[in-house]
Amino acid sequence: KVWAMTKAVYYKLWATTANWTQRKNYGWYQVWARAMPWCWVTVPGAAWFSFGWWSDEWKKTATLGIWEPPLVHWDSNMTNFRSDFVKYHAQYPGIPYK
């Protein structure tokens, strides 16, 4: 009787670990299959709200070259954190001379 009980316990343990990787992968497939329809909303939304934090090069890349830095005032502060494109090569460069 003890041997049958031990065998049943081991059978239950092996049954719960059998195909564990396959069950795990299927579980992640279910998670991504349910989450992916939201990417059409969340990715553009995240880009919209975080656009101001991007570097000048990433802004130009993401907008396919359309983005130009806004020159709000002639006395704009051109620090070392601004790219050379903004300082010298934009349509209205921050530092119009070199």
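Data block above holds the structure.
Since the structure is predicted, the reported quantities are computational estimates derived from the model, not experimental observations. For every chain, the first residue of the written sequence is number 1, and numbering continues from 1 along that sequence. The model is predicted, so local features are restricted to residues of pLDDT at least 70 and side-chain atom pairs to those at 80 or more, both for listing and for counting; the totals for chains, interfaces and linings are taken over all residues. As a convention, hydrogens and water are excluded, and side-chain values are obtained from all of the structure's heavy atoms.

### Details of the side chain of K59
Inference 1: A run of DSSP states H or I qualifies as a helix once it reaches four residues; a run of E qualifies as a strand once it reaches two. Both are numbered from the N-terminal end. Inspection of the secondary structure puts K59 in helix 4 (residues 56-62).
Inference 2: Burial status follows relative accessibility: with a 1.4 Å probe on protein chains alone, a residue under 20% of its type maximum counts as buried, one over 50% as exposed, and anything between as partly exposed. Only four residue types enter the tally: Lys and Arg on the positive side, Asp and Glu on the negative side, with His and both chain ends excluded. We define a salt bridge as a side-chain nitrogen of Lys or Arg found within 4 Å of a carboxyl oxygen belonging to Asp or Glu. Here K59 is buried and forms no salt bridge, its nearest opposite-charge partner D56 lying at an N-O distance of 4.6 Å.
Inference 3: In this structure K59 touches F51, G52, W54 and W67, once residues within four positions along its chain are discounted. A contact between two residues is defined here by any heavy atoms of the two lying within 4.5 Å.

### Examining the packing of aromatic side chains
Inference 1: Each Phe, Tyr or Trp ring (for Trp, its six-membered ring) is paired with any other whose centre lies within 6.5 Å, and the angle between the two planes then decides the class: stacked below 30 degrees, edge-to-face above 60, tilted in between. One pass over the structure, following the stated rule, counts two aromatic pairs.
Inference 2: Seen from their ring centres, F51 and W54 are 5.2 Å apart, and the 55° between their planes marks the pair as tilted.

### Description of the environment of A90
Inference 1: Among the secondary structure elements, A90 is positioned in the segment after helix 5 (84-89).
Inference 2: In this structure the C-alpha to C-alpha distance between A90 and P69, which are 21 residues apart in sequence, comes to 7.3 Å.
Inference 3: With near-sequence residues (within four places) excluded, A90 lies in contact with E68, P69 and F85.

### Some remarks on a nonpolar patch on the surface
Inference 1: Only residues above 30% relative accessible area that lack a salt bridge enter a patch, with like-charged residues linked at up to 9 Å and the nonpolar side chains Val, Leu, Ile, Met, Phe, Trp and Tyr linked at up to 5 Å. In these tables, accessible area is a Shrake-Rupley quantity obtained with a 1.4 Å probe, and a residue counts as shielded only by the protein chains included in the view. Together, M5, V9, Y10, L13 and W14 make up an exposed nonpolar region whose accessible area comes to about 620 Å².
Inference 2: Examined against the element boundaries, W14 turns out to sit in helix 1 (residues 2-17).
Inference 3: Using a relative accessible area of 62% as the deciding quantity, one classes W14 as exposed.

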